[in-house]
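Notes for the structure review
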Amino acid sequence: MRQDDKLGTEGDAVYAALLTAHEGLSEAESHRMNARLVLMLANQVGDADTVQQLIADARALAED
Amino acid sequence: MAYDYQPFPYVPPPGLTGPEPRHPVAIVGAGPIGLALAIDLAQRGVASVVLDDNNVVSVGSRAICWAKRTLEIFDRLGVGERMLEKGVTWQVGRNFHGADEIYSFDLLPEDGHKYPAFINLQQYYVEEYLIERAQELGIDLRFKNKVVAHEDKGDHVVLTVETPDGSYTLEASYLAACDGAKSPTRERMGLPFEGQTFEEHFLIVDVEMADSPFGTDTPERWFWFRPPFHPGQSALLHKQPDNIYRIDLQLGPDTDPVEEATEEKVRPRLRAILGDRPFRLDWMSVYKFRCARLERFVHGRVVFVGDSAHVVSPFGARGGNGGIQDVDNLGWKLAAILESAGGNDLLESYNTERVYGSDENILNSTRATNFMTPKSPIEAMFRDEVLRMAHHHPFARRLVNSGRLSLPCSLAGMPMIGTGDGPVAPGMAIIDAPLQDGWLLEQVQGRFVLVGFGDVTLPEVTGVDRLGIGQSAEYPCVAPDGDLVFERYGRGIAYLFRPDGHVVASFQNPTAEKVQGAYQRALGAKTQVTA
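Quick caveat, the model's predicted, so the values are computed rather than measured. (Residues numbered from 1 in each chain as written. Chains lettered and ligands numbered in written order. Predicted model: local features only at pLDDT ≥ 70, side-chain atom pairs only at ≥ 80, totals over all residues. Heavy atoms only, no water.)

With respect to the packing of aromatic side chains
Residue and element names in this part refer to chain B. Under the defined criterion, the tally for this structure stands at 33 aromatic pairs over all chains. Measuring from ring centre to ring centre gives 5.7 Å for Phe198 and Phe289, while their planes differ by 55 degrees; the resulting arrangement is tilted. With a gap of 91 residues between them, Phe198 in the loop between strand 12 (193–197) and strand 13 (201–208) and Phe289 in the loop between strand 17 (280–287) and strand 18 (290–294) connect regions that are remote in the sequence. Each member of the pair, Phe198 together with Phe289, is buried. A ring pair is formed by Phe202 and Tyr287, whose centres lie 6.1 Å apart and whose planes are at 25 degrees; its orientation type is stacked. (Phe/Tyr/Trp six-rings, centres within 6.5 Å; stacked < 30°, edge-to-face > 60°. Helix = DSSP H or I, 4+ residues; strand = E, 2+ residues; numbered from the N terminus. Buried < 20%, exposed > 50% of the residue type's maximum accessible area, 1.4 Å probe, protein only.)

Quick look at the structure:
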């Protein structure tokens, strides 16, 4: 499923905030932070079907 | 054809033989910023003297991307049309990941503007046009005049200037330091210039080539992340006039800049991009860059303008364009102060407004540079996954950052900006629109003017010109060309514009009192305006 943009011009700020949050972490710590963040975002989405669709879409690109 | 650099003549300045009368403004640096400021002041009847240690225009193309807002400012300064005619107009950009195009963008899909989103024009042409315009205005341009010292006396500045015939001193009410990223004025004052330095080296090359590499006659901006011809790095391709193409190649942090900037190293890199097309190498340079600024742009009687005040990475074309917005902001204020029409805090508002504008440019260019040059494996992972997703997902395309191109800075919320609920918000720069005889920006810029759109009566306020659009009245009126001007500004509404084309306030029901209030606020409320 194609995902349209919902952040608009705030996208750059969100991206920058993500990178800033990773500064100073080891790679293992970064992965753990990403895991936490993904689970928190899934909870915020709050809809199991949508989250499962997103999981499938993200996974599909792993096999490119 | 390679550009023909003509040296400007050195003329022994009068100060060598006797004291000169005090100049209203001394401008250090005859680059685009210094020249534009001198022209802006001259058009307001303020004489300046421009001092430059060199005597030729910019060597190498350097700043090439001139944004719409800059062209509109140059229009007011009398060189915009010439730049547009000579420049290469482009508005489509394409971003590639590897060999595949991930998306393209059209910068200004809208009609009804005198100037396009961007033109590309070598800095040496811009300087040539500005110098000719300055000469036309009789501006005192002094080449081979190197400022080696200055002293702020509180109510004026004394400069010491070296020439081939010896030194002299010169007094000026204000000194405008337009002396570039390495500003000797700034260094002499020992002012900290702090920010982020990026470790990556970039190679910048101009080649002359008859065949277009774009595969179309329309010039575009092409940006590659990890192109097949330059593994792991980024690359940018742009067209300039005279069949000159600008190529920017990221080299990574560990390269030797001296070794890289040699023909033997550069030719094979270019062959990989350009294939068999014959080309001539015109100019090249290897550089690193910083995003930094002065804490303040105004120090007593010394005002910093352009790169001397702030530097950014080139991605987004926010260096030269940001500097021209400085000039636009400063010119009318300095003139108003020298004519005693401006308030005490008018010069301070240059500092406030342009520090704000500079921070916006630094933020955007830092983000673009961070996207292009990931600092850690995790940053590289995020970046690469954005690029991979961008092939499929529109949201990820929006995150791909090869430079957020320079847009006019909005001054909304600044102390000298008023209120209004028109579609063009107070603080925004003028949005152009077609009139029956020319363009809105030609009618509005350069003065305080209250513009009435459609059915609205404009009151008389001393110091403020009036202009009616699509109405007839006792004051000057012009006819619109179609409805675009009303679609952009509304009907039955008046806008007060500053001389730099920014909206001060808008009024559904403009009374003399309300307009007068907004005008006084824009000029610095602390001082009574003398009529």
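And the narrative resumes.
Digging into the domain arrangement of chain B
Residue and element names in this part refer to chain B. Taken domain by domain, chain B comprises domain 1 (1–89 + 121–190 + 285–408) and domain 2 (434–523). Using only C-alpha atoms to locate each centre, domain 1 and domain 2 end up separated by 30 Å. In this complex, domain 1 contributes 16 residues to the contact, which on the side of domain 2 involves 11 residues. The three residues of domain 1 that bury the most area against domain 2 are Arg69, Arg76 and Trp332, which together make up 42% of that side's buried surface. Where domain 1 packs against domain 2, one counts 1 salt bridge. The residue Glu353 makes a salt bridge to Arg498 at a minimum N-O spacing of 2.9 Å. Contributions of two or more residues to the side of domain 1 that touches domain 2 are made by helix 2 (68–77), helix 8 (320–338) and helix 9 (346–372). The dominant element in the side of domain 1 that touches domain 2, judged by the number of residues it contributes, is helix 8, at 5 residues. Looking at the side of domain 1 that touches domain 2 residue by residue, the classes come out as 4 nonpolar, 3 polar and 9 charged. (Domains from an automatic or database assignment. Contact = heavy atoms within 4.5 Å. Buried area = accessible area lost by both parts, 1.4 Å probe. Salt bridge = Lys/Arg side-chain N within 4 Å of Asp/Glu carboxyl O. Nonpolar A, V, L, I, M, F, W, Y, C, P; charged D, E, K, R; others polar.)

Some words on the environment of Ala60 of chain A
Residues and elements named next belong to chain A. In this fold, Ala60 is placed in helix 3 (residues 48–62). Since its relative accessible area comes to 41%, Ala60 is described here as partly exposed. Once the C-alpha coordinates of Ala60 and Thr9 are considered, the two residues, 51 residues apart in sequence, prove to be 27 Å apart.

Considerations on the pattern of salt bridges
Residues and elements named next belong to chain B. All told, the structure shown has 43 salt bridges over all chains when counted by the stated rule. One salt bridge in this structure joins Arg22 and Glu171, with 3.0 Å as the shortest N-O distance. Residue Arg22 is found in the segment before strand 1 (23–28), and its partner Glu171 is found in strand 11 (residues 166–177); the two are separated by 149 residues along the sequence. Classification of Arg22 by relative accessible area gives partly exposed; the value is 39%. For Glu171, a relative accessible area of 30% corresponds to the partly exposed category. For Arg142, the salt bridge goes to Asp140, with nearest N and O atoms at 2.8 Å.

Some words on unusual backbone geometry
Residues and elements named next belong to chain B. You will see that Lys144, though not glycine, has its phi angle at about 55 degrees, which is positive. You can see Lys144 is positioned in the loop between strand 8 (140–142) and strand 9 (146–152). Backbone geometry at Asp242 places phi at a positive 65 degrees, although glycine is not the residue there. Within the element layout of this structure, Asp242 appears in the loop between strand 15 (234–240) and strand 16 (244–252). For Asp242, a relative accessible area of 28% corresponds to the partly exposed category.

Comments concerning the packing of helix 1 (residues 11–22) of chain A against helix 2 (residues 27–45) of chain A
Residue and element names in this part refer to chain A. Where helix 1 meets helix 2, the axes come as close as 10 Å, and the angle between the chain directions of the two elements is 135 degrees. Relative to helix 2, the element helix 1 lies oblique. Residues Leu18, Ala21 and His22 of helix 1 pack against Ser30, Met33, Asn34 and Leu37 of helix 2. For the contact of helix 1 with helix 2, the class distribution of residues is 4 nonpolar, 3 polar and no charged. (Axes fitted to C-alpha atoms, helices over the stretch in contact; angles between N-to-C directions. Parallel < 35°, antiparallel > 145°, perpendicular 65-115°, else oblique.)

Examining the interface of chain A and chain B
Opposite the 23 residues of chain A that make contact, chain B presents 21 residues. Its largest share of buried area at the contact with chain B, chain A owes to Asp12, Tyr15 and Leu61 of chain A, together 33% of the area lost on that side. Linking chain A with chain B are 7 residue pairs in polar contact (both at pLDDT 80 or more). Here the residues of the side of chain A that touches chain B are counted per class, giving 8 nonpolar, 8 polar and 7 charged. (Polar contact = N/O pair within 3.5 Å; in protein donor to acceptor, adjacent residues only side chain to side chain.)

Quick look at the sheet that holds strand 28 (residues 503–507) of chain B
Residues and elements named next belong to chain B. If you walk across this open sheet you meet the 5 strands as 26-25-24-27-28, and the pairing is mixed. Lying at the two open borders of the sheet, with one neighbouring strand each, are strand 26 (477–478) and strand 28. Contacting strand 24 (449–453), strand 27 (493–497) and strand 28, helix 14 (residues 512–523) crosses the sheet at an angle of about 165 degrees to strand 28. (Pairing = 2+ DSSP bridges.)

What about the sheet that holds strand 3 (residues 65–67) of chain B?
Residues and elements named next belong to chain B. In spatial order, the strands read 3-7-4; together these 3 strands make up an open sheet with antiparallel pairing. On the outer flanks of this sheet lie strand 3 and strand 4 (88–90), each paired with one strand and no other. Between one strand axis and the next, the sheet turns by 30 degrees as a mean value, whatever way the strands run. Inspection of the sheet shows strand 3 paired to strand 7 (residues 118–120) by 3 bridges, in the antiparallel sense. In the strand pairing of strand 7, Ala67 is matched with Phe118.

Quick notes on the environment of Phe143 of chain B
With respect to the element layout, Phe143 of chain B can be found in the loop between strand 8 and strand 9. When the C-alpha atoms of Phe143 of chain B and Ile378 of chain B are compared, they prove to be 51 Å apart, with 235 residues separating the residues in sequence.

With respect to the nonpolar core
Residue and element names in this part refer to chain B. Counting 112 residues, the largest nonpolar core has Phe74, Met83, Leu159 and Phe453 as the members making the most contacts within it. If you tally residues by element for this core, the top one is helix 8, at 8 residues. Lining this core are residues from two domains, each supplying at least three of them: domain 1 (1–89 + 121–190 + 285–408) and domain 2 (434–523). With residues near it in sequence (within four places) discarded, Met83 still touches Trp66, Leu71, Phe74, Ile119, Leu121, Val126 and Tyr129. Counting 39 residues, the second largest nonpolar core, distinct from the first, contains Ile64, Phe105, Ala368 and Val400. (Core = buried A, V, L, I, M, F, W, Y, C linked by side-chain atoms within 4.5 Å.)

Here we look at the packing of helix 1 (residues 32–43) of chain B against helix 2 of chain B
Residue and element names in this part refer to chain B. Direction vectors running N to C along helix 1 and helix 2 enclose 45 degrees, while the axes themselves pass 10 Å from each other. Taken together, the axis directions place helix 1 and helix 2 in an arrangement best described as oblique. At the point where helix 1 passes helix 2, the crossing takes the left-handed sense. Between helix 1 and helix 2, the contacting residues are Ala36, Ile39, Asp40 and Gln43 on the first element and Phe74, Arg76 and Leu77 on the second. Split into classes, the residues belonging to the contact of helix 1 with helix 2 amount to 4 nonpolar, 1 polar and 2 charged. (Left-handed = near helix turned anticlockwise from the far one by under 90°.)

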